[in-house]
Amino acid sequence: MRRKTVGTNQDWELPDVIEEKALFTSRASHYLLPEDRNTESNECFMFPVFRPAGQTFGDCLFLGHGLNETSYLKLKYWAKALCHNLRMPVLIFPLSFHVNRRPSSWLMRMRSLYRSRSQINENRCASPFNAVISHRFAEMPERFFRGALQSYCDIKDLFLLIRKGQFETMTRGGEQILAPTARINFLGYSITGYLYLALVMLMGDDLLSDSRVVLFSSCTHIRDMNPVSVLVIDEDAFRRSKQFYEGGYKEQASPEFRCWLHEEETGLWFKRLFFNEGGRDRLHDATRTLSNRVLIIGDPHDEVFPLEATKANLGGFLHCRAMALGRHEFPFNISDLKEKGFQELAEEIRGSEFPSENYRNTFVEWVNAVRDFLCPACAVVSADVES
């Protein structure tokens, strides 16, 4: 049977992809601030799993999301298209206090926090959409790294479930989707690229020895990034966070936090990836060992994570694909949000489940590039079927 090529049908349907949900309980809330612990939605939550028809698979893909991601809307079609083309399950695992790990009370606080943050002098890009995360990071910048530690440990625990043959979805109760020896691959979009790359660097000789990583619009040095956006974080919060991690934490943070940042492997790699601590050559020595297992995809005109800045940070020797992706926060969907008010923007986002017509060909190119890198055998089969 001739396989359907993603992006050729107006309805964008992929009926051969099955969506299920998996339940996860975090054991790493001790990394959070005391007031952030015991948040039920962040501790016990469901996440989506997409799989082809079939039984047990020998490969899977973790698909990451961006900072301040509140919905799976755009991610679900990415996952379906990748699942369809790679013929492997795709898991969208939410990071700490992101997507459905956020408490519902945050919705109640959006407007009031937006009013207060919009009154901060020269606070560019304050909006109802980013008000809560901006307030939280401005109030306590260490929340960013604390959340990263929880997320890192959560994903490691999920790896162990897979290796023990204990990962299952709610609908298949007891049946294993993934073989214990399954190869775990990653597509790190935006902020999750840093976490996924660190995971492979730290676990590359163990659970992830054969894993491959696609870094999608991600992994620039902090001085070259610009996440200030009505969809991500406001200027005041980014400035305070940057000052904190560039040295303010030495006086402002607890001894426990300073220990995590200075002595734990995750802290060391956090500082290397964001700040080149220890020198760029040291980072490049590490990424060079992964040169055949990492692919960078980005847009030279991306204002949040410019492609050239990513290449400079990680090393020009890594595989790289340049594409015109549109707006960083909604690649393939919306090309330019600068001249639109928040309400108009919110309405457009709500209708952006599928790639827009302007980016149809780019989306197909992106899916194929990911497929060819992560699963070359799939590319050969696809070419044979389509010929």
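Overview of the structure. (Residues numbered from 1 in each chain as written. Predicted model: local features only at pLDDT ≥ 70, side-chain atom pairs only at ≥ 80, totals over all residues. Heavy atoms only, no water.)

**Observations concerning the nonpolar core**
At step 1: Counting residues in hydrophobic clusters, the biggest one holds 118 residues, and the most contacted among them are F47, F62, L82, F159 and W366.
At step 2: With near-sequence residues (within four places) excluded, W366 lies in contact with W78, L82, L187, F216, I297, M323 and F332.
At step 3: In terms of nonpolar packing, the next biggest core, distinct from the first, is built from six residues, L32, F97, L113 and V132 among them. (Core = buried A, V, L, I, M, F, W, Y, C linked by side-chain atoms within 4.5 Å. Buried < 20%, exposed > 50% of the residue type's maximum accessible area, 1.4 Å probe, protein only. Contact = heavy atoms within 4.5 Å.)

**Some thoughts on the sheet that holds strand β2 (residues 44-52)**
At step 1: Here eight strands make up an open sheet; going across it, the order is β1-β2-β4-β3-β5-β6-β7-β8 and the pairing mixed. With partners counted over all chains shown, the strands left at the sheet margins are β1 (17-25) and β8 (319-322), one partner each.
At step 2: Where β1 and β2 come together, nine bridges link them in antiparallel fashion. Looking at β2, one finds that K21 is bridged to P48.
At step 3: The sheet contacts of helix α5 (residues 143-163) involve β1, β2, β3 (57-63), β4 (90-91) and β5 (178-189), and relative to β5 the element is tilted by about 150°.
At step 4: Against the sheet, helix α6 (residues 192-203) engages β3, β5, β6 (213-216) and β7 (294-298), with an angle of about 140° to β5. (Pairing = 2+ DSSP bridges. Helix = DSSP H or I, 4+ residues; strand = E, 2+ residues; numbered from the N terminus. Axes fitted to C-alpha atoms, helices over the stretch in contact; angles between N-to-C directions.)

**Regarding the packing of aromatic side chains**
At step 1: Following the criterion strictly, the structure yields 39 aromatic pairs and no others.
At step 2: Here the aromatic rings of F159 and F186 are separated by 5.9 Å at their centres, their planes lie at 65°, and the arrangement is edge-to-face. In this pair, F159 sits in helix α5 while F186 sits in strand β5, placing the two residues 27 residues apart along the sequence. Pair check on accessibility: F159 and F186 agree, each one buried.
At step 3: Relative to Y196, the ring of F186 lies with its centre 5.0 Å away and its plane at 45°, an arrangement referred to as tilted. Here Y196 lies in helix α6 and F186 lies in strand β5, a separation of ten residues in the sequence.
At step 4: By relative accessible area, F186 is classed as buried at 0%.
At step 5: In this structure an aromatic cluster arises from ring pairing among F137, F144, F145, Y194, F244, Y245, Y249, F257, F270, F274, F275 and F305.
At step 6: Seen from the ring of F373, R212 lies directly overhead, with NZ or CZ sitting 4.9 Å from the centre.
At step 7: Here the guanidinium or amino end of R272 rests over the ring plane of W269, the centre of that ring lying 4.5 Å away. (Phe/Tyr/Trp six-rings, centres within 6.5 Å; stacked < 30°, edge-to-face > 60°. Lys NZ or Arg CZ within 6 Å of the ring centre and 35° of its normal.)

**Notes on the pattern of salt bridges**
At step 1: Under the definition given, this model contains 25 salt bridges.
At step 2: Notably, a salt bridge pairs E35 with R143, separated by 3.9 Å at the nearest N-O pair. Here E35 is found in the loop between β1 and α1 (40-43), whereas its partner R143 is found in helix α5, with 108 residues between them in sequence.
At step 3: Given the relative accessible area of 9%, R143 is considered buried.
At step 4: Between R321 and E365 there is a salt bridge, with the nearest N and O atoms lying 3.3 Å from each other. Of the two residues, R321 is situated in strand β8 and E365 in helix α13 (residues 360-374); the sequence distance between them amounts to 44 residues.
At step 5: Under the relative-accessibility criterion, E365 is labelled partly exposed at 33%.
At step 6: A network of salt bridges, in which partner residues are shared, links E35, D36, R136, E139 and R143. (Salt bridge = Lys/Arg side-chain N within 4 Å of Asp/Glu carboxyl O.)

**Describing helix α4 (residues 131-139)**
At step 1: Counting buried positions along α4 gives seven out of nine residues, so the element sits mostly inside the fold.
At step 2: The set of residues buried in α4 consists of A131, V132, I133, S134, R136, F137 and A138.
At step 3: Those residues of α4 hidden inside the fold are in contact with α3 (105-118), α5 and α7 (235-252).

**Overview of the environment of V214**
At step 1: When you line up the elements, V214 lands in strand β6.
At step 2: Separated by 18 residues in the primary sequence, V214 and Y196 place their C-alpha atoms 9.1 Å from one another.
At step 3: The contacts of V214, once residues within four sequence positions are left out, are F186, L187, G188, L295, I297, V370, F373 and L374.

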